[in-house]
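Overview (structure and organization)
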Amino acid sequence: MKRTTLLLALICAVMSTSAQSEQFDIKAYGEFIANGYDFFVDNNEPYPISIKINFDLTNLKSKDKNGTVYVIPAHSKRQLTNSLAIINKVKAYKYSYKTFFNKGNHHKTLYDENHIYDLPFKKGEEYLLFQGYNGKQTHQNENSLDFSMPMGTSITAARGGIVTTVIVNNNKTCFKPECKQFNNKITIYHDDGTFADYAHLKFKGSTLKKGTVVKQGELIGYSGNVGYSDGPHLHFVVYRQEIQDRHTIKTKFKIDSGDTVQFLKEKENYKKGY
Ligand SMILES: [Zn+2]
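Numbers given to residues run from 1 along each chain, matching the order in which its sequence is written. A pLDDT threshold of at least 70 governs which residues receive local features in this predicted model, and a stricter bar of 80 or more applies before side-chain atom pairs are shown or counted, although totals over entire chains, interfaces and linings include all residues. The basis for the side-chain values is all heavy atoms of the structure; hydrogens and waters are excluded.

**Quick notes on the overall build of the protein**
- Check the secondary structure of the protein and you find zero helices and 24 strands.
- Dimensions of the protein along its principal axes, counting C-alpha atoms only, are 75 × 40 × 35 Å.
- Buried, partly exposed and exposed residues are distinguished by accessible area as a fraction of the type maximum, computed with a 1.4 Å probe on protein chains only: under 20%, between the cut-offs, and over 50%, respectively. Across the 274 residues in the protein, those meeting the buried criterion constitute 50%.
- For the protein, the share of sequence-separated contacts (at least 6 apart) that also reach a separation of at least 24 residues comes to 68%.
- Every accessible area reported is derived by Shrake-Rupley at a probe size of 1.4 Å, with residue values counting cover from the shown protein chains alone. A total of about 13,600 Å² of accessible surface is found on the protein, and carbon and sulfur atoms cover 50% of it.
- Positive and negative charge centroids in the protein, built from 37 and 27 side chains respectively, lie 7 Å apart. A run of DSSP states H or I qualifies as a helix once it reaches four residues; a run of E qualifies as a strand once it reaches two. Both are numbered from the N-terminal end. Contacts are assigned to residue pairs that have any heavy atoms within 4.5 Å of one another. Only four residue types enter the tally: Lys and Arg on the positive side, Asp and Glu on the negative side, with His and both chain ends excluded. Each charge is placed at NZ for Lys, CZ for Arg, CG for Asp and CD for Glu.

**Topic: the pattern of salt bridges**
- By definition here, a salt bridge exists when the distance from a side-chain nitrogen of Lys or Arg to a carboxyl oxygen of Asp or Glu is within 4 Å. Scanning the model with the defined rule gives ten salt bridges in all.
- A salt bridge links Asp118 to Lys254; the nearest nitrogen and oxygen atoms lie 3.7 Å apart. Linking Asp118 in the loop between β9 (116–117) and β10 (126–131) with Lys254 in strand β22 (residues 252–255), this pair joins segments that are 136 residues apart in sequence.
- Salt-bridge contacts for Arg159 lead to Asp191; the nearest nitrogen and oxygen are separated by 3.3 Å. Of the two residues, Arg159 sits in the loop between β12 (154–156) and β13 (161–167) while Asp191 sits in the loop between β15 (185–189) and β16 (195–199), which places them 32 residues apart along the sequence.

**Considerations on the environment of Phe182**
- With respect to the helices, strands and loops of the structure, Phe182 is situated in the loop between β14 (173–174) and β15.
- Overall, Phe182 belongs to the buried group, its relative accessible area being 9%.
- Spatially, the C-alpha atom of Phe182 lies 28 Å from that of Ile72, the residues being 110 residues apart in sequence.

**Some thoughts on the pairing of strand β11 (residues 144–148)**
- Among the five residues in β11, four count as buried, and that is most of the element.
- The pairing criterion is simple: DSSP has to find at least two bridges between the two strands. Looking at chain direction, β10 and β11 are connected through three bridges and run antiparallel. When the sheet's bridge partners are listed, Leu128 is paired in β11 with Ser148.
- For β11 and strand β20 (residues 233–241), the ladder comprises five bridges, and the chain directions are antiparallel. The partner of Asp146 across the bridge, within β20, is His235.

**As for the side chain of Asn183**
- Among the structural elements, Asn183 can be located in the loop between β14 and β15.
- Classification of Asn183 by relative accessible area gives buried; the value is 18%.
- Among the polar contacts made by the side chain of Asn183, one reaches the main-chain amide nitrogen of Tyr228 at a distance of 2.8 Å.
- The contact partners of Asn183, leaving out residues within four places of it in the chain, are Ile167, Asn170, His200, Val226, Gly227 and Tyr228. Counting of polar contacts relies on pairs of N or O atoms within 3.5 Å, with two restrictions inside protein: one atom must be capable of donating a hydrogen and the other of accepting it, and residues adjacent in sequence are counted only when both atoms are side-chain atoms.

**Side note on the domain arrangement of the protein**
- Partitioning the protein into structural domains gives domain 1 (4–103) and domain 2 (116–271).
- As annotated, the domain borders come from an automatic or database domain assignment. Taking the mean C-alpha position of each, domain 1 and domain 2 sit 33 Å from one another.
- At the interface, 18 residues of domain 1 touch 24 residues of domain 2.
- Buried area, as used here, totals the accessible surface that two parts lose on assembly, with accessibility defined by a 1.4 Å probe and the loss added over both. For the pair domain 1 and domain 2, the summed buried surface comes to about 1,500 Å²; carbon and sulfur atoms form 55% of the total.

**As for the coordination of the zinc ion**
- For Na, K and Ca the donor cutoff is 3.2 Å, while for all other metals N, O and S atoms must lie within 2.8 Å; water is not among the atoms, so some sites may look incomplete. For the zinc ion, the full set of protein donor atoms is His139 (NE2), Asp146 (OD), Asp146 (OD) and His235 (ND1), at a range of 2.0 to 2.6 Å.
- Each label reflects the angles at the metal, where four donors whose angles all fall between 85 and 135 degrees are tetrahedral, four or six donors whose opposite pairs open beyond 155 degrees and whose other angles stay between 65 and 115 are square planar or octahedral respectively, and the rest are irregular. In this structure, the zinc ion is coordinated by four donor atoms arranged in irregular fashion, with angles at the metal of 54 to 151°.
- Mapped onto the sequence, the donors of the zinc ion take the spacing H-x6-D-x88-H. Taken together, the residues His139 in the loop between β10 and β11 and His235 in strand β20 connect sequence positions 96 residues apart. Assigned by exposure class, His139 and His235 land together as buried.

**Looking at empty space enclosed by the protein**
- Here a cavity denotes grid points, spaced 1 Å and computed from the protein atoms alone, that fit a 1.4 Å probe unable to get out, and a pocket denotes an open set having protein on both sides within 12 Å along at least 5 of 7 lines; residues with an atom within 4 Å of a point are the lining. Grid points are joined across faces, edges and corners, and a volume is the space filled by probe spheres set on the points. Under the counting rule described, the total for this entry stands at one cavity of 30 Å³ or more.
- Put simply, the largest cavity is a space of about 60 Å³.
- Lining the largest cavity are Gly104, Asn105, Lys108, Leu110, Tyr189, Asp192, Gly193, Phe195, Arg240 and Gln241.
- For the lining of the largest cavity, a count of residues per class yields three nonpolar, four polar and three charged. For this scheme, ten residues count as nonpolar: Ala, Val, Leu, Ile, Met, Phe, Trp, Tyr, Cys and Pro. Four count as charged, namely Asp, Glu, Lys and Arg, and the remainder, Gly too, count as polar.

What follows is the structure, encoded as structure tokens:
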């Protein structure tokens, strides 16, 4: 059977001219088949991608409804998503479409609630958690943590996983939400489907590469004050990513000698003695 490949879209995340931002290496494409089209996605990223393809159709019938979210596994090619069938072959037919996508498995709502995280800095050090979960300054309705620490403090992985994003080329700082686009950060994908962001790292504050596997406690970069920030600190957040919404998660940490495990509280100092 002769197949014609139609390259539908080479998809990249929103790219800004001035800021280095997150990009996804995925490709969505349609192929003409006997009575319509099949739509495939290649995902070259080391983590799953969720994608929605909404069609506007003339004389074509879609297998799935608009709004269906497909999950494309990490490092996978030719994952079949939707198919279109021609309704009346003697009449003209056409389609247009919009794609929406994000990292993570949209359908995976369960995660390991009992995982115990390490404090994200070196053994023997102690820092103030100046803003905690749902903090009034910038963490409203968000389970994020801000550790106050000097520029260049060594940051270690609170939990092991696969490095999915390393952005360390930004060097602009301002205390306005629009400066979020300049946040330097490392993102790590965990084996339960959650992600962790380590943000505001210093300019060129990491040499890690996407796809690298890091262990809990391993050095990943150096803290800074870049992006939406009003002083040197580390912003740490764990989340589950749906195609549109992000659900941030409270996590338990080992503190002091490592024998005590608890959720961290704002305005407390935390020492890593392990
Ligand atoms: Zn923060």
